[in-house]
Amino acid sequence: MLVDQVDLQAAEDFAVLGAGERAALGSAALLGHLPKKVADRALWWQRHLVELLTGSPPDAPAGTRPRPEYS
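Computed from a predicted structure; not experimentally measured.

Concerning the packing of aromatic side chains
- Under the criterion given, the structure shown has one aromatic pair.
- Ring centres of W44 and W45 lie 4.9 Å apart, and the angle between their planes is 85°; this geometry places the pair in the edge-to-face category.
- Residue class for W45 comes out partly exposed when judged on its relative accessible area of 41%.

Given below as structure tokens:
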């Protein structure tokens, strides 16, 4: 199951249990502070990695089946 971190953290019942010294940042928390070229490349990698891990790009319509290689 893939859950967007922003949606997860926005849930009323969300809580961090046993956090270490560093808390994770949201997926796009720092992109606004980076040069556009770097931010665009980071977003490209994010999309690529989601597709690599799930078989579908993050912007695929709901109900899209993963590529056959992932079955």
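This is not the end of the story, as more comes after the structure.
Quick word on the pattern of salt bridges
- In the structure shown here, the tally under the stated rule is five salt bridges.
- One salt bridge connects D59 with R47, and the closest N-O pair in it is separated by 3.0 Å. Taken together, the residues span a long stretch of sequence, with D59 in the segment after helix 2 (36-54) and R47 in helix 2 at a distance of 12 residues.
- A residue is classified by how much of its surface remains accessible, and R47, at 36% relative accessible area, is partly exposed.
- Put simply, R47, E51, D59, R67 and E69 are held in one network by salt bridges that share partners.

Calculation criteria
Residues numbered from 1 in each chain as written. Predicted model: local features only at pLDDT ≥ 70, side-chain atom pairs only at ≥ 80, totals over all residues. Heavy atoms only, no water. Phe/Tyr/Trp six-rings, centres within 6.5 Å; stacked < 30°, edge-to-face > 60°. Buried < 20%, exposed > 50% of the residue type's maximum accessible area, 1.4 Å probe, protein only. Salt bridge = Lys/Arg side-chain N within 4 Å of Asp/Glu carboxyl O. Helix = DSSP H or I, 4+ residues; strand = E, 2+ residues; numbered from the N terminus.

All quantities given are derived from atomic positions and should not be read as evidence of function.
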